[in-house]
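# Analysis of the macromolecular model
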Amino acid sequence: EGTGRCTGTAPWHRRRMCVCPGPRRIAIPVRSSRLPLFSDAMPAPTQLFPLIRNCEIGRIYNTVCYCHHKHLCCLSPHLAHNHLRCAPQKKLATLCPKENFNQFIHARSYVSTPQRFYLTPPQVNSILKANEYSFKVPEFDGKNVSSILGFDSNQLPANAPIEDRRSAATCLQTRGMLLGVFDGHAGCACAQAVSERLFYYIAVSLLPHETLLEIENAVESGRALLPILQWHKHPNDYFSKEASKLYFNSLRTYWQELIDLNTGETTDVKEALINAFKRLDNDISLEAQVGDPNSFLNYLVLRVAFSGATACVAHVDGVDLHVANTGDSRAMLGVQEDDGSWSAVTLSYDHNAQNESEIERVKLEHPKSEEKSVVKQDRLLGLLMPFRAFGDVKFKWSIELQKRVIESGPDQLNDNEYTKFIPPNYHTPPYLTAEPEVIHHKLRPQDKFLVLATDGLWETMHRQDVVRIVGEYLTGVHHQQPIAVGGYKVTLGQMHGLLTERRARISSVFEDQNAATHLIRHAVGNNEFGTVDHERLSKMLSLPEELARMYRDDITIIVVQFNSHVVGACQNEDF
């Protein structure tokens, strides 16, 4: 078995109103990559207050921007006389108890100064490393025969609880490794279910007919099943034990159908990935329609179906890399050029309004009369940001089916305003699909690593910066670029400080033992000069739950490192 290692200790600039409370992808803030932080003496933005319950305003404000002020009657005798000139004594008498009034009259100057509360570097590291995980592919006779050396992964929450999920597993009955990131919206239920189930559907889709028969016969006779996957999970990446039987029965129905539909042809990886995505989404929908006599399970399958999730999954088998993407998470290949520099190769396309071909696809699937309403304000039906996703049955079921399921469902569902809400201009469902776009890439010796990440990373960092930071981290070689000051007036002393800071940053690069952690540190802590600013990083990690989501999204990253020697050898064999 491989050696898994988990280490850990115990902006918005544009807002659109939302029809449901919470989910980011359903008409929720779009953040800027350069977000203003609260300065030490800067008041919290007043635009936030309508979004926060009144009773929490004081606590939030004091947490983020803390200024220590005392009541006038509690001040020291050193209060300024100019305060008295600003307030008549009659008014002062009403502010202060009579016994303290004379003391107040003879007071001298007192100025309230803001106090700074920053996390220490160890505290920052504790937060950043809490969810990190590393896996190294095992060697045989001192040699690694896999095209993958290993992977690092990590997560940093912004939502509470976090709505992102991640998965990694080795296929045991076929070759290859599966890795994926999943970004949930309207809650974490759908992302959790997909992270548990999708790899099984992919593995079953890849199995030869004989193996499927062997597994079915073992179930029929009550014998132990052949293991299909070896999971590589952080302890926080849990499985839903309550739903395991339901999930197994749905998976079994799928492989029984594959047995009946056997054509005798070799399974194509691209086709297998597409079939697995679509079948799982269909099962999520069907389970919610049928329901379950167990009230807990019944509510669970409905929560999964009415929430949603995007998915970006990589299947690596030798030099064959397939990326299946549904939604707006991304896969980026890190390529090292002959001169040692790094370039980024995109292996997925966002399924949102920034993709013109995706807008065209959605419009062609519906009547001409809906051309102006199907995509509105860069959202599907004016509401949903990703144009492809698992779950989200509000954008797939007919209105009649939605009403029937909600009315017959538990009270928690029937009382939920979001689930009862029907999207505007909802005439010809389904408007949403989980079918992935699959890209195949033949690995080359210069392809050093793959970054899979949810959009929380890509919203804060450019793809080229992501690849450069990871490449320099993995090789320990830093190609320095001239410091860009972006139009700022910088003195010679300030420039010296920036250069000194950069040197210190390079010398301490190996503080992080995990490439994904190192990338998150940059994503959250980078300043306008592209260097990690501890003060900024501390502030961002100190934001309370009520505010953190307004400055960034959940971030989930998997960095897969390739074995150039094995890739080169496989490439030579092909020739």
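Under an unreviewed UniProt entry, the name given to the protein chain is [Pyruvate dehydrogenase [acetyl-transferring]]-phosphatase 1, mitochondrial, and the source organism is Chelydra serpentina. Under the UniProt heading Subunit (unreviewed entry), the entry covering the protein chain gives this text: "Heterodimer of a catalytic (PDP1) and a regulatory (PDPR) subunit." Checking UniProt for the protein chain, the heading Function (unreviewed entry) contains the comment "Mitochondrial enzyme that catalyzes the dephosphorylation and concomitant reactivation of the alpha subunit of the E1 component of the pyruvate dehydrogenase complex (PDC), thereby stimulating the conversion of pyruvate into acetyl-CoA."

Here the focus is unusual backbone geometry. Cis peptide bonds are those with omega within 30 degrees of zero, and the linkage from A160 to P161 qualifies with 5°. Within the secondary structure, P161 sits in the loop between β3 (148–156) and β4 (164–171). Of note, the bond from P429 into P430 is cis; its omega dihedral lies within 30 degrees of zero at 5°. Assignment of secondary structure puts P430 in the loop between α14 (417–420) and β14 (437–442).

The residue S307 is located in the loop between α10 (295–306) and β7 (308–317) in this model. From its side chain, S307 meets the backbone nitrogen of C190 in a polar contact 3.1 Å long. One polar contact links the side chain of S307 to the main-chain carbonyl oxygen of R303, over a distance of 2.7 Å. Setting aside chain neighbours within four positions, we find S307 in contact with H185, A186, G187, A189, C190, F390, G391 and D392.

Turning to helix α8 (residues 244–260), a few remarks are in order. The first and last C-alpha atoms of α8 sit 24 Å apart over 17 residues, in line with the 24 Å expected at 1.5 Å per residue. Every buried residue of α8 is listed here: L246, Y247, S250, L251, R252, Y254, W255 and I259. Contacts from the buried residues of α8 go to α6 (189–206), α7 (209–221), α9 (269–290) and α10.

Let us now look at the side chain of E196. Its place among the elements puts E196 in helix α6. Excluding anything up to four places from it in sequence, E196 contacts W231, Y238, F239, S240 and Y247.

Turning our eyes to something else, we now look at the environment of S285. Checked against the element boundaries, S285 lands in helix α9. In this structure the C-alpha to C-alpha distance between S285 and V393, which are 108 residues apart in sequence, comes to 7.0 Å. Among all residues touching S285, those that are not within four sequence positions of it are V393 and W397. In terms of polar contacts, S285 uses its side chain to reach the side chain of W397, at 2.8 Å.

Here is what the cut-offs are and how they apply
- Residues numbered from 1 in each chain as written.
- Predicted model: local features only at pLDDT ≥ 70, side-chain atom pairs only at ≥ 80, totals over all residues.
- Heavy atoms only, no water.
- UniProt positions renumbered as here; feature names shortened; annotations may be inferred.
- Helix = DSSP H or I, 4+ residues; strand = E, 2+ residues; numbered from the N terminus.
- Polar contact = N/O pair within 3.5 Å; in protein donor to acceptor, adjacent residues only side chain to side chain.
- Contact = heavy atoms within 4.5 Å.
- Expected span 1.5 Å × (residues − 1).
- Buried < 20%, exposed > 50% of the residue type's maximum accessible area, 1.4 Å probe, protein only.

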